[in-house]
Amino acid sequence: MNTMGISTDPALLQVELSQNLIESPSVSTFMPEEEASIYPLLSSNMNGTVTPLTFSHPLTPCIDNDNDSNISTNLCNEDGKVETSSSSGSSSGIGISVPSDIDASTTLFNKHSYKHLPNNNVIQDANGHGPNGNLPLPKDTPSFVSWNWPLIRKCTFFVFMSSLLAMCAIVVAMIVTLPKICNPKTTWYHGSVFYEIFPASFQDSDNDGLGDLRGIAKRIDYFKTLGVSAIRLNSVFNSPHYPEDFKNITSLKNIAPVLGHLDDMRQLTHMLHSHNISIILDVPLYPFIQKLGESRGDLFINNSIDGNIDNEYLTTVPPQMFITENPITESLHYWAGMGIDGFYIKGLEHIADLENLPHHLIEWKNILGADRPLIIEALVLSKLSLNQRQMVLTNVDLVDVHLDVFVGTTQLQKKLNSLMHSDMRPSNTGAWIHWSLGGVDKMRLTRNQSNVDFTLAATLMQLMLPGTCNIFYGDEIALQPAYDSLNEHGETEHLHHLAIMRWSFNDSLKFSNRETLPWLPKSPDVDFHQLQYIKKMIALRNRSPSIYKNAICKSDAVLQNTAIRRSYDDILIIERVYPRRNSFVSISNFGRKDVTMDMTSLYYSGLVMLNNSDQKIYFSDFKINAQETIIVRLDK
């Protein structure tokens, strides 16, 4: 060890070194440069003796540097001693002696043994410790080291699990709310079902024997259950003696006082809208208005491209520029502002100056917009020229067509097929047909007691037609005209088809109370069992594109999806199809005899609809009763 420049004086280390350690032959193998690199803290003087160290090595656990004046050569912790090691694995020949009564690992790695670490300018927690126990932190330690990481980990885990559960809940909610079917959409009044009401005969709310607007509001649940998209009020305007002379109106703004007030109309409209049901108002012109007068609607035509009306131009021009001041336009403005969703302009066939009708229709449609349908009667078109008809059909949404189902299936088939190929033929754009079997100025389907089943058969057939269907109140229960056996209401005999509505026997809300007599006598009988078939047929229509769509519209062509056929003398067949959807067929027997026939040339088999249980049917031996309509979903 003298060769290395280290003193072997036993007094230096306070231990006795073995001779073989002092004279270790391994030391002679080191060059002076190697000695200096291995022991950089040891320096030799000229005499070959070792100069005492003036500082302790940072990794020395037991050297005390607190005394700067005297450099201690003694070990500082628990009188630990350095001794030589005879182990062949030690190349330095220097070992550290630990007290025998203290565990070596405790002495060497005890946190209180590192006294060389700085004791000032440290960051400590409230207990005087650093973030890792009692070890103090210097000032330049980042602040996040002292954060409460256990709490942060718990909060992060809670937020993660909450987010995961929230995402799962959102996905489940989206799956649940997804529509079960994906059907093509149409405008709300295209292909839907309307319910026409004569307000004075529907429901009495104040027990005066006359129906009113508040009474209609009490029956909103009935409309919702029935499945109709809109109700149509065919007579609400004031007349000298309402309802006996309801046609002789005196104003297009004032409601008949016996029906209610303006606030009642607002309340009814609001309640219907809250149940997703629209309201349509009949506007009877004749005899209140007999001439339309001049119109500014021709300005639209003069400013349109190539003489054709541009729909975009109609929507961009302010309506006030083209409004003609007359009672009709004022009435439409007034009631549209009240929330009415559509208008049926009635009595136009009696107007003298129909040559101005296309111009007026342009104005009226511009007032209403695209979402409010404008309805006229088909009879009006027969009094117009070809060019006028085309302009009218461009500016109206629905054309009311009355079907007389008593003329026989031959005439009925002829009329239906002619309409399918006329200028009112089904298409995606333009006017749709508004089918009606009865009405305020038509006789009821149950014009005698033997036609109860006939009413159901005709109504189901109507609901299979392409276009928009209109059900007159009471036809869904085969309501019969008022029965005046004692001839006490002879002065109102022309109104007996407007009999008061009958409600089921288990319905606590009747037309009026027992102490009040209605303004018309009751009908002799009704059939409430037919109501369930009408409800199911309306629901089937609303969810089946084959029925509510009136055509198959492609990019290059418009194809009809309706076929009208006749068999025997009283059988009418209506087939409805749509791509990638079930096809349906209705077979109606309007005769008085049961019929059995072979229809395998047209169809093979199918499933009978509207029954409580699925019934398979084969057309090889098809049976249908008299005055019955059967709806079949054809097998693909």
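Residues numbered from 1 in each chain as written. Predicted model: local features only at pLDDT ≥ 70, side-chain atom pairs only at ≥ 80, totals over all residues. Heavy atoms only, no water.

## A word on the overall build of the protein
As a reminder of what qualifies: Numbering of helices and strands runs from the N terminus, with a helix taken as a DSSP run of H or I at least four residues long and a strand as a DSSP run of E at least two residues long. Classification of residues uses two cut-offs on accessible area relative to the type maximum, computed with a 1.4 Å probe and protein chains only: under 20% is buried, over 50% is exposed, and between them is partly exposed. Any two residues whose heavy atoms approach within 4.5 Å are treated as being in contact. Only the protein chains shown count as covering a residue, and every accessible area follows the Shrake-Rupley method with a 1.4 Å probe.
When helices and strands are tallied, the protein shows 18 helices and 20 strands. For the protein, the proportion of its 636 residues judged to be buried stands at 46%. Restricting the contact set of the protein to residue pairs at least 6 apart, pairs at least 24 apart contribute 68%. For the protein, the exposed surface amounts to about 34,100 Å²; the carbon and sulfur share of it is 53%.

## Remarks on the sheet that holds strand β3 (residues 193-197)
Within a sheet, neighbouring strands are paired by backbone hydrogen bonds and run either parallel or antiparallel to one another. Put simply, the rule reads: The criterion for strand pairing is that DSSP finds at least two bridges linking the strands in question. To define axes, lines are fitted to C-alpha atoms, for helices over the stretch in contact only, and angles between the resulting N-to-C directions are given on a 0 to 180 degree scale.
As summarised here, the arrangement of the 8 strands in space is β3-β4-β5-β6-β7-β8-β9-β10, forming a closed barrel in which the pairing is parallel. Averaged over all pairs of adjacent strands, the angle between their axes in this sheet comes to 25°, without regard to strand direction. Where β3 meets strand β10 (residues 468-472), 4 bridges bridge the pair, whose relative direction is parallel. Pairing of Y195 across the sheet is with I471, part of β10.

## Brief notes about unusual backbone geometry
Of note, the amide linkage connecting Y242 to P243 takes the cis form, showing an omega dihedral of 5°. Residue placement: P243 occurs in the loop between β4 (230-233) and α8 (262-274). For N276, which is not glycine, the phi dihedral falls at a positive 60°. By the secondary structure assignment, N276 is in the loop between α8 and β5 (278-284).

## Focus: the pairing of strand β17 (residues 605-608)
Here β17 pairs with strand β18 (residues 615-618) via 4 bridges, running antiparallel. Directly across from G606, in β18, lies its bridge partner I617. Hairpin connection of β17 to β18: 6 residues between the antiparallel strands, including L610 at a positive phi of 70°. Pairing geometry for β17 and strand β20 (residues 628-634), over 3 bridges, is antiparallel. Bridge pairing links L607 to R633 in β20.

## Description of the nonpolar core
Basically, it comes down to this: Residues enter a nonpolar core if they are buried and are Ala, Val, Leu, Ile, Met, Phe, Trp, Tyr or Cys, with the set joined through side-chain atoms within 4.5 Å.
Counting 112 residues, the largest nonpolar core has Y195, F223 and L233 as the members making the most contacts within it. Top element by residues in this core is helix α16 (residues 452-462). It accounts for 6 residues. If sequence neighbours within four positions are ignored, F223 has contacts with Y195, I197, F202, I216, V228, I231, L272 and I277.

## So, a nonpolar patch on the surface
Formally: Each patch groups residues whose relative accessible area exceeds 30% and which form no salt bridge, using 9 Å between like charges and 5 Å between nonpolar side chains of Val, Leu, Ile, Met, Phe, Trp and Tyr. We count a salt bridge whenever a side-chain nitrogen from Lys or Arg sits within 4 Å of a carboxyl oxygen from Asp or Glu.
A surface patch of nonpolar side chains, amounting to about 510 Å² of accessible area, comprises F157, F160, M161, L164 and M167. Here M167 lies in helix α5 (residues 149-177).

## Quick notes on the sheet that holds β18
Pairing is antiparallel across the open sheet formed by 6 strands, whose spatial order is β13-β14-β15-β20-β17-β18. The outermost strands of the open sheet, each flanked by one partner alone, are β13 (562-567) and β18. Shown here is a sheet whose adjacent strand axes are inclined to one another by a mean of 30°, direction ignored. Looking at chain direction, β13 and strand β14 (residues 571-576) are connected through 6 bridges and run antiparallel. Paired with S567 across the strands is I571, a residue of β14. Packing of helix α15 (residues 409-420) onto the sheet brings it into contact with β13 and β14, and relative to β13 it is tilted by some 160°.

## Regarding the UniProt feature "transmembrane region" (unreviewed entry) in the protein
For clarity, the cut-off: UniProt positions are given in the numbering used here, feature names are shortened, and annotations may be inferred rather than shown by experiment.
Taken from the UniProt record, the annotation "transmembrane region" (unreviewed entry) applies to residues 157-178. End C-alpha to end C-alpha, residues 157-178 measures 32 Å, and it is 95% helix and 0% strand.

## As for the environment of M420
If you trace the backbone, M420 turns up in helix α15. With 46 residues separating them in the primary sequence, M420 and P466 have C-alpha atoms 9.2 Å apart.

## Some details on helix α14 (residues 386-395)
Residues three or four positions apart in an α-helix share a direction because the helix packs 3.6 residues into each turn. This is how it is decided: Directions from the helix axis toward the C-beta atoms define the arc.
Buried within α14 we find Q388, R389, V392, L393 and N395. One face of α14 carries all of its buried residues, which in axial projection span an arc of 165°. Of the exposed residues in α14, the ones pointing more than 90 degrees away from its buried face are L386, N387 and T394. Residues of α14 that are buried in the fold lie against α12 (357-368), β7 (374-377), α13 (378-381) and β8 (398-402).

## Some thoughts on helix α17 (residues 530-543)
Convention followed: Helix span, expected: 1.5 Å multiplied by one less than the number of residues in the helix.
Over its 14 residues, α17 extends 21 Å from the first C-alpha to the last, a length consistent with the 20 Å expected when each residue adds 1.5 Å. If you check which residues of α17 are buried, you get Q530, L531, I534, M537, I538, L540 and R541.

## Points about the side chain of T629
What counts is decided by this rule: Each polar contact in these results corresponds to two N or O atoms within 3.5 Å; when the atoms are within protein, one needs to be able to donate a hydrogen and the other to accept it, and residues that are neighboring in sequence are counted only if both atoms are side-chain atoms.
Here T629 lies in strand β20. You can call T629 buried: its relative accessible area is 9%. Of note is the side chain of T629, whose polar atom sits 2.8 Å from the backbone oxygen of A457. In this structure the side chain of T629 is engaged in a polar contact, spanning 2.8 Å, whose partner is the side chain of S588. Setting aside anything within four residues of it in sequence, one finds T629 in contact with A457, L460, M461, S586, I587 and S588.

## A short note on the environment of E196
Position of E196 among the secondary structure elements: in strand β3. A C-alpha to C-alpha distance of 6.1 Å links E196 and L233, two positions 37 residues apart in sequence.

## A closer look at the pattern of salt bridges
Side chains that differ in charge, positive against negative, can pair when their charged atoms come close. Under the definition given, this model contains 12 salt bridges. For R232, the salt bridge is made with D282, and the minimal N-O distance between the two is 2.9 Å. Placement of R232 in strand β4 and of D282 in strand β5 is noted, with a sequence separation of 50 residues between them. Residue R232 is classed as buried on the basis of its relative accessible area of 2%. The exposure class of D282 is buried, given its relative accessible area of 1%.

## Quick look at the packing of aromatic side chains
Put simply, the rule reads: Aromatic rings from Phe, Tyr and Trp, taking only the six-membered ring of Trp, are treated as a pair when their centres fall within 6.5 Å; an angle between ring planes under 30 degrees marks them as stacked, one over 60 as edge-to-face, and anything in between as tilted.
According to the stated counting rule, one finds 23 aromatic pairs in the structure shown. Between F202 and Y473, the aromatic rings sit 6.5 Å apart at their centres with planes inclined by 80°, giving edge-to-face as the arrangement. In this pair, F202 sits in the loop between β3 and α6 (213-217) while Y473 sits in the loop between β10 and α17, placing the two residues 271 residues apart along the sequence. You'll find F202 and Y473 in the same group, each marked buried. Every member of this aromatic cluster is reached through a ring pair, and the members are Y195, F202, Y222, F223, F472, Y473 and W503.

## A few points about the pairing of strand β15 (residues 584-589)
The buried fraction of β15 is high, at 6 of 6 residues. Covered by surrounding structure in β15 are F584, S586 and S588 together with V585, I587 and N589, the residues of both alternating faces. Bridge analysis of β14 against β15 gives 6 bridges, and the strand direction is antiparallel. Across the sheet, R576 pairs through a bridge with F584, a residue of β15. Here β15 pairs with β20 via 6 bridges, running antiparallel.

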